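These are the residues of each chain, in order.
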Amino acid sequence: ESALTEALMAPGQYPGSSGTRLLQDNLSDLKAQIAANHKGIQLVSELIDQYGLDVVQAYMGHIQSNAEVAVRDMLKVIGARAFEKTGRSSLFAKDSMDDGSLIQLKVDIDTTNGEAIFDFEGTGTEVWGNINAPRAVTMSAIIYCLRCLVGHDIPLNQGCLNPVTVKIPPGCLLDPSDNAAVVGGNVLTSQRIVDVVLLAFEACAASQGCCNNITFGDDNFGYYETVAGGSGAGPSWHGRSGVHVHMTNTRLTDPEILERRYPVVLNKFSLAEGSGGEGQFHGGDGVVREIIFRKKLDLSVLTERRVLSPYGL
């Protein structure tokens, strides 16, 4: 614990930076994660004791195989549909971050084997800002989209990616250098990757397109939340209003707890009526969230889709 404490306080040696402000909360969070892992180990051990290691491993393989077959079948159908419309079993989409950085995707589908190549050639280079996304973020976004597109109730697992080859140019926004800033990649760029993949498959319109990251605090505490938005409409449905979409799958703190634990008042939290756009099927409305600070606090906002609006279909 002493080594961990030292690591959490280490940023304080740099000008303009500080170590953790709530060390005990950090340690408690990590202990909870360790406890959750121990619980998982216990449950898996109980399965092995009851059914035997061979049976448990076999069913783990079956779950992945089932996911792989489901994705292959989906790719065959979508590839055949694309070929019927365009004469090619290829999909294409692009979108940009607010700073103009391009995310471009071409999906070549082998309709015989149900395989696909996701090629991000043409995506913009890494940037000086913090919206660079490590390769793992792109992989997570792709597996999430594949799970959504399958249409079957299957557990999310590595089998979804078995039929897929992913090509990401080194040094681009989605495979940056080791020294690139990446804090926005997981909460902003990830959403744009999902938007691009779903656009390529013509699955639905874009969501709010970012996690709407809000942080505030002072020398003694820090608070972080992601504000909800609206989900995109689809070919036969309206988008949902005031929900956490894609990567923002988190809960907001209950107002009573927020106001009890922090020096703030939640003045307003409501839907932004009519903000979802128009059309035969309209997108979900975003939200308005007004917070009054009862003392001097520092506020930081990390968001996207303030320059380029989400696309429709």
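Residues numbered from 1 in each chain as written. Predicted model: local features only at pLDDT ≥ 70, side-chain atom pairs only at ≥ 80, totals over all residues. Heavy atoms only, no water.

### Some points on helix H3 (residues 53-86)
Over its 34 residues, H3 extends 49 Å from the first C-alpha to the last, a length consistent with the 50 Å expected when each residue adds 1.5 Å. Listing the buried residues of H3 in full gives Val56, Ala67, Ala70, Val71, Arg72, Met74, Leu75, Ile78, Gly79 and Ala82. Elements that come into contact with the buried residues of H3 comprise helix H2 (23-51), strand S1 (90-96), strand S2 (102-110), strand S3 (115-119) and helix H4 (135-150). (Helix = DSSP H or I, 4+ residues; strand = E, 2+ residues; numbered from the N terminus. Expected span 1.5 Å × (residues − 1). Buried < 20%, exposed > 50% of the residue type's maximum accessible area, 1.4 Å probe, protein only. Contact = heavy atoms within 4.5 Å.)

### Description of the side chain of Gln208
Looking at the element boundaries, Gln208 is found in the loop between helix H5 (185-200) and strand S5 (213-217). A relative accessible area of 11% means that Gln208 is categorised as buried. Sequence-distant contacts of Gln208, defined by excluding residues within four places in its chain, comprise Val227, Ala228, Gly229, Gly230, Val243, Val245, Thr248, Arg305 and Pro310.

### Here we look at unusual backbone geometry
The phi dihedral of His246 falls on the positive side, at around 55°, and the residue is not glycine. Within the secondary structure layout, His246 lies in the loop between strand S6 (222-226) and helix H6 (255-261). Positioned with a positive phi, Arg305 is a non-glycine residue whose angle comes to about 60°. Tracing the backbone through its elements, the reader meets Arg305 in the segment after strand S9 (298-302).

### Overview of the packing of aromatic side chains
Tallied over the full model, the rule gives six aromatic pairs. On the basis of an interplanar angle of 25° and a centroid distance of 6.1 Å, the ring pair of Phe118 and Phe201 is categorised as stacked. Separated by 83 residues along the polypeptide, Phe118 in strand S3 and Phe201 in the loop between H5 and S5 bring together distant segments of the chain. This pair shows no difference in class: Phe118 is buried, exactly as Phe201 is. With a centroid separation of 4.9 Å and 35° between ring planes, the pair formed by Phe216 and Tyr223 is classed as tilted. In this structure, Phe216 and Tyr223 share a single accessibility class: buried. Among the aromatic residues, ring-to-ring pairing joins Phe216, Phe221, Tyr223, Tyr262 and Phe293 into one connected group. (Phe/Tyr/Trp six-rings, centres within 6.5 Å; stacked < 30°, edge-to-face > 60°.)

Functional significance is not addressed by these values, which are geometric in nature.
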